[in-house]
Amino acid sequence: MAEKTRQLIVDTALRLFKERGFEATTMRAIATEAGVSVGNAYYYFASKEQLVQAYYDRAQSEHEAACCEVLAVERSFAGRLGGVLREWVRISEPYHEFAVKFFKHAAEPSNPLSPFSPESAPARESAIGIYRQVVDGSDSRIDPALREELPELLWLLSMGVVLFWVHDTSPGCERTFRLIDRTVSLVDRLVALSYLPGIRGVTRDFIDVVRELRA
């Protein structure tokens, strides 16, 4: 019963955020629409930001489940990466309108709703974990230093896809799917080149830059 009530509040909040906008939607309005008391709504979620974090967690769980098949049967790096990115677009489609209205909040670096914020760390680490599976389960030869950093770099790539998807008005987000196909092909070739002796030094320099920026 408690989990059902919790999900009802989340579903109601997402609908109101889409209809009225994040700022204009109050916890009282969410509680009223969900048919629960304001106190009950605050019992489950201390703020609207926590409701959005619950959406992040739900979307991440759905994405993990959707990726199981492609990660179980596909061995090529390009196939695994492309499959994971396409599954994200597919399971996110019902939330596209909400994402368009909500994006300005998530794009603020200091906002707790940013995917880079400390509050978003659990969902972010889970997402990076999917890209770690992409790398670890592929049959591609990858430079060891790049292999260590690649899951997080692929997650950053996925954030670029998300940004494009938010603004994609093409039918069925076909432009986003084309972007994924073209980008995955390019990344696959770059990763394959990283293992060549003549390119390995450039790869290590690139990794050094990544680690320096992270520090």
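Each chain has its residues counted from 1, following the order in which its sequence is written. Local features in a predicted model are, by the rule used here, given only for residues with pLDDT of at least 70; side-chain atom pairs are given and counted only at 80 or more, and totals for whole chains, interfaces and linings are based on all residues. To get the side-chain values, all heavy atoms of the structure are used, and hydrogens and water are removed first.

The protein chain goes by TetR family transcriptional regulator in an unreviewed UniProt entry, where it is assigned to Planotetraspora kaengkrachanensis.

Draft legend 1. View of the overall build of the protein chain. Along its length, the protein chain carries ten helices and zero strands. For the protein chain, the succession of helices and strands along the chain, N to C, is α-α-α-α-α-α-α-α-α-α. Dimensions of the protein chain, computed from the C-alpha atoms along their principal axes, are close to 65 × 40 × 30 Å. The proportion of buried residues among the 215 residues of the protein chain is 44%. A sequence separation of at least 24 residues applies to 69% of the contacts in the protein chain between residues at least 6 apart. As displayed, the protein chain offers around 11500 Å² of accessible surface, 56% of which is attributable to carbon and sulfur atoms. Across the protein chain, the mean location of the 26 positive side-chain charges is 2 Å away from that of the 30 negative side-chain charges. Helix numbering and strand numbering both begin at the N terminus, where a helix is a DSSP run of H or I of at least 4 residues and a strand a DSSP run of E of at least 2. With a 1.4 Å probe rolled over the protein chains alone, any residue whose accessible area is under 20% of its type maximum counts as buried; one over 50% counts as exposed, and the rest are partly exposed. The contact definition used throughout considers only heavy atoms, calling two residues in contact when any of these lie within 4.5 Å. Only the protein chains shown count as cover for residues, and the accessible areas themselves come from Shrake-Rupley with a 1.4 Å probe. The charged-residue count follows a simple rule in which Lys and Arg add positive charge and Asp and Glu add negative charge, with His and chain termini not counted at all. Charge positions come from single atoms, namely NZ of Lys, CZ of Arg, CG of Asp or CD of Glu.

Draft legend 2. Structural context of the state of the cysteines. What counts as a disulfide here is a pair of cysteine sulfur atoms lying within 2.5 Å. Under the defined criterion, the tally for this structure stands at zero disulfides. The thiol sulfur of Cys68 is not disulfide-bonded, and the nearest other cysteine sulfur, from Cys67, lies at 7.5 Å. Not engaged in a disulfide, the cysteine Cys173 finds its nearest cysteine sulfur in Cys67; these two sulfurs lie 17 Å apart. Classification of Cys173 by relative accessible area gives buried; the value is 7%.

Draft legend 3. Fine view of the side chain of His63. Tracing the sequence through the fold places His63 in helix H4 (residues 48-73). Here His63 falls in the buried class, since its relative accessible area comes to 3%. When near neighbours in sequence (up to four residues on either side) are disregarded, His63 contacts Val84, Glu87, Trp88, Ile91, Ile130 and Tyr131.

Draft legend 4. Focus on the layout of surface pockets. Two kinds of site are reported from a 1 Å grid over the protein atoms alone, namely cavities, where a 1.4 Å probe fits but cannot get out, and pockets, open sets with protein on both sides within 12 Å along at least five of seven lines, and residues are called lining when an atom falls within 4 Å of a point. Grid points are joined across faces, edges and corners, and a volume is the space filled by probe spheres set on the points. The volume enclosed by the largest pocket comes to roughly 740 Å³. Within the residue set of the lining of the largest pocket, elements represented by two or more residues are H4, helix H5 (77-92), helix H6 (96-106), helix H7 (121-136) and helix H8 (144-166). In terms of residue count, the dominant contributor to the lining of the largest pocket is H8 (eight residues). By the convention adopted, Pro, Cys, Tyr, Trp, Phe, Met, Ile, Leu, Val and Ala count as nonpolar, Lys, Arg, Asp and Glu as charged, and the other residues, Gly among them, as polar. Classifying every residue of the lining of the largest pocket gives 26 nonpolar, six polar and one charged. Of the volumes computed, that of the second largest pocket is approximately 340 Å³. Leu146, Leu150, Leu190, Val191 and Phe206 are, among the 14 residues lining the second largest pocket, the residues nearest its centre. Listed by contribution, the elements that provide at least two residues to the lining of the second largest pocket are H8, helix H9 (174-193) and helix H10 (197-214).

Draft legend 5. Main features of the pattern of salt bridges. Salt-bridge detection follows one rule: a side-chain nitrogen of Lys or Arg within 4 Å of a carboxyl oxygen of Asp or Glu. A full pass over the atoms with the stated rule returns nine salt bridges. When the shortest N-O distance is used, the salt bridge between Arg15 and Glu19 registers 3.6 Å. Of the two residues, Arg15 and Glu19 both sit in helix H1 (residues 2-20), four residues apart, roughly one turn of that helix. On the accessibility criterion, Arg15 (32% relative accessible area) is partly exposed. On the accessibility criterion, Glu19 (48% relative accessible area) is partly exposed. Notably, a salt bridge pairs Glu148 with Arg211, separated by 3.4 Å at the nearest N-O pair. Here the residue Glu148 occupies a position in helix H8, and Arg211 occupies one in helix H10, the gap between them amounting to 63 residues.

Draft legend 6. A look at the nonpolar core. Among buried residues, those of type Ala, Val, Leu, Ile, Met, Phe, Trp, Tyr and Cys that are joined through side-chain atoms within 4.5 Å constitute a nonpolar core. Counting 31 residues, the largest nonpolar core has Phe77, Leu81, Tyr131, Val134, Leu150 and Leu154 as the members making the most contacts within it. For this core, the element with the most residues is H8, which contributes eight residues. When near neighbours in sequence (up to four residues on either side) are disregarded, Phe77 contacts Val134, Val135, Ser138, Asp139, Ser140, Leu150, Leu154, Val187, Asp188 and Val191. In terms of nonpolar packing, the next biggest core, distinct from the first, is built from 27 residues, Ala59, Phe102, Leu113 and Ala123 among them.

Draft legend 7. Just the side chain of His96, in detail. Of note, His96 is situated in helix H6. Judged by its relative accessible area of 15%, His96 is buried. Counting of polar contacts relies on pairs of N or O atoms within 3.5 Å, with two restrictions inside protein: one atom must be capable of donating a hydrogen and the other of accepting it, and residues adjacent in sequence are counted only when both atoms are side-chain atoms. At 2.7 Å, the side chain of His96 and the backbone oxygen of Trp165 are in polar contact. When residues no more than four places from it in sequence are discounted, the contact partners of His96 are Trp165, Val166, Asp168 and Cys173.

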